[in-house]
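Residues per chain are reported as follows:
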Amino acid sequence: MTPEQLLNEADRCVKCGLCLPECPTYQVLSNEADSPRGRISLMQALAKGELDLSSQIETHLDRCLGCRACESACPSGVKYSSLLDASRTVITYRRNGKPFFHWLLNQLSNPKRLGYLNKTYHTLQRTVLLTIIAKLPSAKLKRLLVLAKQLVGTAPTEAGLYPADLPKGRLVQLFTGCVATQVEQPLIQTSLTLLRSLGYAVEIPATQVCCGAMHRHNGFEAAAENYCMVNRAQTDKSLAQTLITLASACHLELLEHQASSVPVVSLVEFLLKLPANEFPPLKPFTGRVALHTPCSASNDHSFELLHKIPQAEIIELPDNKTCCGAAGSYMLTQPTLSIALGRAKIEQLKACRVDVLATSNTGCAIQFRQLVEETGLPIQVMHPVELINQQREIK
Ligand code: SF4
Ligand code: SF4
């Protein structure tokens, strides 16, 4: 988006304020500059050169979750997320490329480098160093260490071609993501097992890369575009008919930025579209399940899928349209706000008295797992597909 396009889009905002009550950061901070309308005014003033870039302005824009709740509420159809991405790109440029942050995102989005960090973390766990770091007065470091506990100690699923259990000449490509390769190993394995049992061969290309969402939403658009190009090339040269996603944030990014030459379908949707005679028979589940809808999954079909489990009581987590505070790298860069929003969700979850919290996004799952553990709630956080696979009748 050029500065002119940014200003044209921002001019569509009539400053009616209908988006304010929907904005999680405005709900918490009650500050106009931390509302969608206030942020659009700041973005306009920056683009026009009426305001110099100060750390205060940057803070107000950094505090935005990018959850898009304001977009759904806006009667003028302002594309707020495009304005935010474009403004953050301009800010990154003016801040000389934010080299440290760029480096950090490159580590987080690269499964290989994340793997090294994962190994280092597990080695450090056996020393006193982590205890010393945890005592440093940095909320960001503290959050990083708490969340790092979710790094699994096992090797990630290897790239390759996994044959179907009963070959039917069907091939899909699985998008495994970046952070998910280190924290959602059980989900990736479950998805592979499930798809193969349904007669699909599964391809995980060795050169598949991160979807680019973290880079795009933090002002590194060129890097995000590059990721899209690399991922599109994987589907161009593959014989797979579908690209299957597991995390809703990656799904949205791949879909909105044409990072695939074959249809991008979430595994939830894929299972729902199976012919009735191919859907796996499921055992009854006598527990209660709360379904969380990630901001990136406004068109989520998980409710429909979970309803296929006999006897399962599925409810929607109250206030599902408000962000849980994960928002990708936000849970590391804005720990205080992220935790405040997450704890509000935990209060709602407590009142639901459920056995399982189902969510279809990796970031949200990380946020919920940490806060559920902190609160000591006996609730399992699962991807809807994991619950389906758990209830599968294996002959
Ligand atoms: S973004 Fe939309 S809802 Fe919010 S103030 Fe502007 S026009 Fe109104
Ligand atoms: S994207 Fe979310 S946090 Fe950001 S202004 Fe809109 S509603 Fe508020």
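All values derive from a computational prediction rather than experimental measurement. (Residues numbered from 1 in each chain as written. Chains lettered and ligands numbered in written order. Predicted model: local features only at pLDDT ≥ 70, side-chain atom pairs only at ≥ 80, totals over all residues.)

> Explain the site of ligand 2 to me, using residue names and the numbers behind them.
Taken together, 14 residues lie near ligand 2, and Cys23, Pro36, Cys64, Cys67 and Cys70 sit nearest. Mapped by element, the contributors of at least two residues to the shell around ligand 2 are α2 (24-29), α3 (36-48) and α5 (69-73). Its residues placed into classes, the shell around ligand 2 shows 9 nonpolar, 2 polar and 3 charged. (Near = placed C-beta within 6 Å. Helix = DSSP H or I, 4+ residues; strand = E, 2+ residues; numbered from the N terminus. Nonpolar A, V, L, I, M, F, W, Y, C, P; charged D, E, K, R; others polar.)

> Could you give an account of the sheet that holds strand β3 (residues 201-204), with specific residues and numbers?
The 5 strands are arranged β1-β3-β2-β4-β5 in an open sheet whose pairing can be described as mixed. One side of each edge strand has no neighbouring strand; the edge strands of this open sheet are β1 (160-162) and β5 (264-266). Pairs of neighbouring strands in the sheet enclose a mean axial angle of 30 degrees, with direction left out of account. The sheet contact formed by strand β4 (residues 242-245) and β5 spans 3 bridges and is parallel. (Pairing = 2+ DSSP bridges. Axes fitted to C-alpha atoms, helices over the stretch in contact; angles between N-to-C directions.)

> Explain the environment of proline 275 to me, using residue names and the numbers behind them.
By the secondary structure assignment, proline 275 is in the loop between α16 (267-272) and β6 (288-291). Along the sequence, proline 275 and valine 265 sit 10 residues apart, while their C-alpha atoms lie 16 Å from each other.

> Lay out the environment of glycine 115 in plain terms, naming residues and giving numbers.
The residue glycine 115 is located in helix α8 (residues 111-124) in this model. Separated by 62 residues in the primary sequence, glycine 115 and glycine 177 place their C-alpha atoms 13 Å from one another. Sequence-distant contacts of glycine 115, defined by excluding residues within four places in its chain, comprise Pro156 and Gln182. (Contact = placed C-beta atoms within 7 Å.)

> Please set out the domain arrangement of the chain residue by residue, giving values where relevant.
Frequently, the measure chosen for interface size is the accessible area that the parts lose on association. Taken as a whole, the chain is organised into domain 1 (3-94), domain 2 (99-148), domain 3 (160-272) and domain 4 (281-390). Distance between the C-alpha centres of domain 1 and domain 2: 31 Å. (Domains from an automatic or database assignment.)

> Before we move on, could you go through the sheet that holds strand β7 (residues 313-316) and cite the residues and values that matter?
As a general point, the strands of a sheet are linked pairwise by backbone hydrogen bonds and lie either parallel or antiparallel. The strand order β7-β6-β8-β9 describes an open sheet built from 4 strands, whose pairing is parallel. The open sheet has two edge strands, β7 and β9 (380-382), and neither has a second partner. Adjacent strand axes in the sheet meet at a mean angle of 25 degrees when their direction is disregarded. With 3 bridges joining them, β6 and strand β8 (residues 356-358) adopt parallel strand pairing. Its bridge partner lying in β8, alanine 290 is registered against leucine 357.

> So, the nonpolar core: which residues are in play, and what are the values?
Of all hydrophobic cores here, the largest spans 96 residues; its most connected members are Val289 and Leu357. Top element by residues in this core is helix α20 (residues 362-375). It accounts for 6 residues. (Core = buried A, V, L, I, M, F, W, Y, C linked by C-beta atoms within 7 Å. Buried ≥ 20, exposed ≤ 12 C-beta atoms within 10 Å, placed from the backbone.)

> Give me the lowdown on the packing of helix α19 (residues 335-352) against α20, citing residues and values where you can.
Two quantities define a packed helix pair, namely the angle between the helix axes and the distance between the axes. The contact between α19 and α20 brings their axes to 10 Å, and the two run at 65 degrees. Compared by their axis directions, α19 and α20 come out roughly perpendicular. For α19 against α20, the interelement crossing comes out right-handed. Only Gln367, Leu371, Val372 and Thr375 of α20 make contact with α19, whose side of the interface consists of Gly342, Arg343 and Ile346. For the contact of α19 with α20, the residue count by class is 3 nonpolar, 3 polar and 1 charged. (Parallel < 35°, antiparallel > 145°, perpendicular 65-115°, else oblique. Left-handed = near helix turned anticlockwise from the far one by under 90°.)

> Summarise unusual backbone geometry; cite the residues concerned and give the values.
Positive phi, normally seen in glycine, also occurs at serine 30, with a value near 50 degrees. Inspection of the secondary structure puts serine 30 in the loop between α2 and α3. The exposed category is assigned to serine 30, around which 10 C-beta atoms lie within 10 Å.

> Residue-level account of helix α1 (residues 3-11), with values.
Along α1, the residues that are buried comprise Leu6, Glu9 and Ala10. When α1 is viewed along its axis, its buried side chains cluster within an angular range of 100 degrees and face the same direction. What points out from α1, more than 90 degrees from its buried face, is the exposed set Glu4, Asn8 and Asp11. (Arc of directions from axis to C-beta.)

> Give me the lowdown on the site of ligand 1, citing residues and values where you can.
The immediate surroundings of ligand 1 are formed by 15 residues, with Cys13, Cys16, Cys19, Arg37 and Cys74 found nearest. Sorting the residues of the shell around ligand 1 by element identifies α3 and α5 as the ones contributing at least two each. Sorting elements by how many residues they give to the shell around ligand 1 places α3 first, with 3 residues. Classifying every residue of the shell around ligand 1 by side-chain character gives 11 nonpolar, 2 polar and 2 charged.

> Mind laying out the packing of α1 against helix α6 (residues 80-94), listing which residues take part and the relevant values?
Where α1 contacts α6, the two axes come as close as 10 Å, and the packing angle between them is 145 degrees. Seen from above, α1 lies across α6 with left-handed handedness. Where α1 approaches α6, its residues Leu6, Glu9 and Ala10 are matched on the opposing element by Ser82, Leu83, Ala86 and Ser87. Residues of the contact of α1 with α6, tallied by class, amount to 4 nonpolar, 2 polar and 1 charged.

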